[in-house]
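Coordinates in review
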Amino acid sequence: MLDALYELIGGWASQGYLPSIFEHTFMIRGMLAAMLIGPLLGGVGTVVVTKKLSFFTQTIGNGALSGVAIGLLFGEPVEGTFAGLYGFCLIVALLMTFVKNRSRLSNDTVIGVVLAQVLGFGIFMLVVVTNNFNIHQVEGILFGSLITLTDNDLMALAVASVVVGLLFCFIFNRIMLVAFNPILAKARGLRPVFLEYFFIVLMTIVVVASLKLIGALLVLVLIVVPAAGAQNIVNNLRQFVWVSIVFSTISTTVGLLLSALFPIPSGAVIVLVSSLLFYGTLMLKPLFGKSGIQQGQV
Amino acid sequence: MQTLTADKKPLSLNNDPAGVNLLEIEDLSVFLGGNQILKNINMVVKKGHIHALIGPNGAGKTTLMRSIMGGMPHQGIIRFLFRSNSLIGYVPQLLEFDHSVPITVCDFLSIMLQEKPIFLTGSRSIRKKISEILAITESEHLIDRLIGGLSGGEFRRVLLAQALEPLPEILLLDEPASNVDEYGAMLFEQMLNRLRDEHGLTILMVGHDIKMILRLADRVTSINRKVMFDGSPDELKGPGKVAELFDGSMATSTDNVEE
């Protein structure tokens, strides 16, 4: 079924309706992935920024190296270590949430400790499992490797998008209230701990799904920067979510298109586009008449 | 669940006599980090009362409130004598939140009151309802203001509005008039009176403003780790009595409030 789609789009490209790069299947796949993952990143980003989970998200991304290694260890194909990735990253995410809630150390410290450990462990595991240090493999995991995006990845991404998207809509109001203030959420009958774990699972799925397009090192940027940029120019929650989604989708799609022009991993260009958008909002901020938010007021 | 609007009484307004207990606390003790914060607290809050909880700083008042809210390990019994699915309305003294999050008062109440995600529904449908809820605490004009930009008193009024929707069996107010100007404090007092007299709401409030408490409260409990006094406010009207139960700085804040 996908092959028919590729032929169709490739046809349009060769006829000049679309840029010629779309004659290549991997670009079509990449663009489809970008359109699926963009909105998810933007949506999830609004909650991550509100709950101050940026640093936390980075740790999940860093777990990707270990995830790939473990997947390889269990015999998964090099380009499709789904179980290893999702499994390990979910374990890391849930464990860290557990430690965060129970430990007296500051969140910052806990995450800092785990962040480095997970990355080091990942490199170690990868070398052990593959018996050599293949820099290209590591590079692909850290910065994204569009070429290795398979149809399986795309199907997984499509399924994840629908499932995560629906669940995200379902819990959004509640998780936003928990993010705002957990004590108030509890007073209104919500279960902040359960909702937090639930959201962490959704977030991990989004992070892992975007690894091939953006890379483990940079996926954090796409979760945080569009939401941060949106914050500069919006005036309510509804706008916050939609502008964040628009920014992240522009970043992934336009970034991908531009990356076809340069020999630079797609992740880096996507990140650059999102950064440009962010700085753009900073400059436009006075135009949007941001009133009413003053730091330090109760 | 009843809904409270500014000019209507809830249909099932109870005509129970004032002697009915709503909340019973028996031998409550709370330890935090090796220290005993509360020791053998015994206290009863009656239905339809405004019950004031007073005491010097560090006496354990907020800890007591939090124990009632739940989630605080304690010894002893906290017994609620109302329907198990009723909420406790809670208005904390301080609410920490990120002031840069773009959330308006309308958004704040919407995410609490509707199931559908806020970014997928129009605001018109729920806006009318939110306006009515805010009207109870005279804060309808704040509906489109960003929460991060509200003053202390304005935010407190919004928090009180959300605590009243749906109408709770008991409202817990932690220092409702602190950090609020005199006009705001007066408004609050009028509101609390209305809520008790017209809507039969039971209110447990932590306060420092002794004159407001003497005017408003049906019963006063003073704690300083343990219960120091528990009785009607009239028993407090006597020279020296109040000074025993508060620290000295409280007296000055009430000097310019009229009787």
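Just so you know, these numbers come straight off a predicted model, no measurement behind them.

1. Quick notes on the interface of chain B and chain A
Tallying the contact residues gives 46 residues for chain B and 33 residues for chain A. Both sides together, the interface formed by chain B and chain A hides about 3400 Å², and carbon and sulfur atoms give 62% of it. When the area that chain B buries against chain A is broken down by residue, the three leading residues are B:Pro102, B:Ile111 and B:Phe119, summing to 21%. Our count for the chain B to chain A interface comes out at 2 salt bridges. Here B:Asp98 makes a salt bridge to A:Lys52, at a shortest N to O gap of 2.6 Å. Secondary-structure elements contributing two or more residues to the side of chain B that touches chain A are strand S5 (88-91), helix H2 (105-113) and helix H4 (152-163) of chain B. At 6 residues, the largest contribution of residues to the side of chain B that touches chain A is made by H2(B). Residues that form the side of chain B that touches chain A fall into these classes: 24 nonpolar, 16 polar and 6 charged.

2. Looking at a nonpolar patch on the surface
Residue and element names in this part refer to chain A. On the surface, a nonpolar cluster with roughly 580 Å² of combined accessible area is contributed by Val246, Ile250, Val254, Leu258, Leu261, Phe262 and Ile264. Turning to its location among the elements, Phe262 is positioned in the loop between helix H13 (237-259) and helix H14 (266-284). Classification of Phe262 by relative accessible area gives partly exposed; the value is 46%.

3. Points about the sheet that holds strand S4 (residues 75-80) of chain B
Residue and element names in this part refer to chain B. A sheet is described by the order of its strands in space; here 3 strands give the open sequence S2-S1-S4, paired in antiparallel fashion. The sheet is open, and its two edges are formed by strand S2 (35-46) and S4, each paired on a single side. Averaged over all pairs of adjacent strands, the angle between their axes in this sheet comes to 15°, without regard to strand direction.

4. Quick word on the sheet that holds strand S9 (residues 226-231) of chain B
All names here are of chain B. As summarised here, the arrangement of the 6 strands in space is S5-S6-S7-S3-S8-S9, forming an open sheet in which the pairing is mixed. The sheet terminates laterally at S5 and S9, the two strands that pair on one side only. Between one strand and the next, the sheet's axes are offset by a mean angle of 15°, whatever the strand orientation. The sheet strands contacting helix H1 (residues 61-69) are strand S3 (50-54), S5, strand S6 (170-174), strand S7 (202-206) and strand S8 (219-224), and the helix crosses S6 at an angle near 150°.

Here is what the cut-offs are and how they apply
Residues numbered from 1 in each chain as written. Chains lettered and ligands numbered in written order. Predicted model: local features only at pLDDT ≥ 70, side-chain atom pairs only at ≥ 80, totals over all residues. Heavy atoms only, no water. Contact = heavy atoms within 4.5 Å. Buried area = accessible area lost by both parts, 1.4 Å probe. Salt bridge = Lys/Arg side-chain N within 4 Å of Asp/Glu carboxyl O. Helix = DSSP H or I, 4+ residues; strand = E, 2+ residues; numbered from the N terminus. Nonpolar A, V, L, I, M, F, W, Y, C, P; charged D, E, K, R; others polar. Patch = residues over 30% accessible without salt bridge, like charges linked within 9 Å, V, L, I, M, F, W, Y side chains within 5 Å. Areas by Shrake-Rupley, 256 points an atom, 1.4 Å probe, with all protein chains shown as cover. Buried < 20%, exposed > 50% of the residue type's maximum accessible area, 1.4 Å probe, protein only. Pairing = 2+ DSSP bridges. Axes fitted to C-alpha atoms, helices over the stretch in contact; angles between N-to-C directions.

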